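These are the residues of each chain, in order.
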Amino acid sequence: MKSDDELLAQFFGASKPEIEDQGFSDRVMRSIPRRAVRRNQLWTTVCFAAAMAVFLLFDGIDELRVLASNIAGNIAGYLTSFAFNGHLLIHLILAVVVLFTVAIYNILSNQR
């Protein structure tokens, strides 16, 4: 059985119209000045270097560490706020059993 990606590639490959332009597209691409391409590459490099300099200048690595720490702390605080009394535990076990049953049903139905 083919995957969705393979089916899409087959469909669009078969119905792709070929436009005869007698090499026009290739000539246009060759006529673009190399100077413009080099300027584009240089501008991209300069912008990337400037962004990295600002990131390092304003201690971006420490900011990312603090952000990750805050996210982890918020998740831990949220998880500890649950009061696992008898009813909640039963509901949690029931939810896991239902999800497990649905997963097994999906696996078995895909094998047919």
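Residues numbered from 1 in each chain as written. Predicted model: local features only at pLDDT ≥ 70, side-chain atom pairs only at ≥ 80, totals over all residues. Heavy atoms only, no water.

Engineer: What am I meant to see in a positive patch on the surface here?
Structural biologist: On the surface, a cluster of positive charge is contributed by Arg34, Arg35, Arg38 and Arg39. Of note, Arg38 is situated in helix α3 (residues 34-57). (Patch = residues over 30% accessible without salt bridge, like charges linked within 9 Å, V, L, I, M, F, W, Y side chains within 5 Å. Areas by Shrake-Rupley, 256 points an atom, 1.4 Å probe, with all protein chains shown as cover. Salt bridge = Lys/Arg side-chain N within 4 Å of Asp/Glu carboxyl O. Lys, Arg positive; Asp, Glu negative; His and termini not counted. Charge placed at Lys NZ, Arg CZ, Asp CG, Glu CD. Helix = DSSP H or I, 4+ residues; strand = E, 2+ residues; numbered from the N terminus.)

Engineer: Explain the environment of Val28 to me, please; I cannot follow it from the model alone.
Structural biologist: Within the fold, Val28 resides in helix α2 (residues 24-31). A sequence separation of 61 residues divides Val28 from Leu89, and the C-alpha atoms of the two residues are 68 Å apart.

Engineer: Would you explain unusual backbone geometry in this entry?
Structural biologist: As a rule of thumb, non-glycine residues mostly have phi less than zero, and peptide bonds are mostly trans rather than cis. A positive phi angle, close to 50 degrees, is found at Gln22, a residue other than glycine. One can find Gln22 in the loop between α1 (4-14) and α2. Overall, Gln22 belongs to the exposed group, its relative accessible area being 66%. Positive phi values are uncommon outside glycine, yet Asp59 reaches one of about 55 degrees. One can find Asp59 in the loop between α3 and α4 (60-80). (Buried < 20%, exposed > 50% of the residue type's maximum accessible area, 1.4 Å probe, protein only.)

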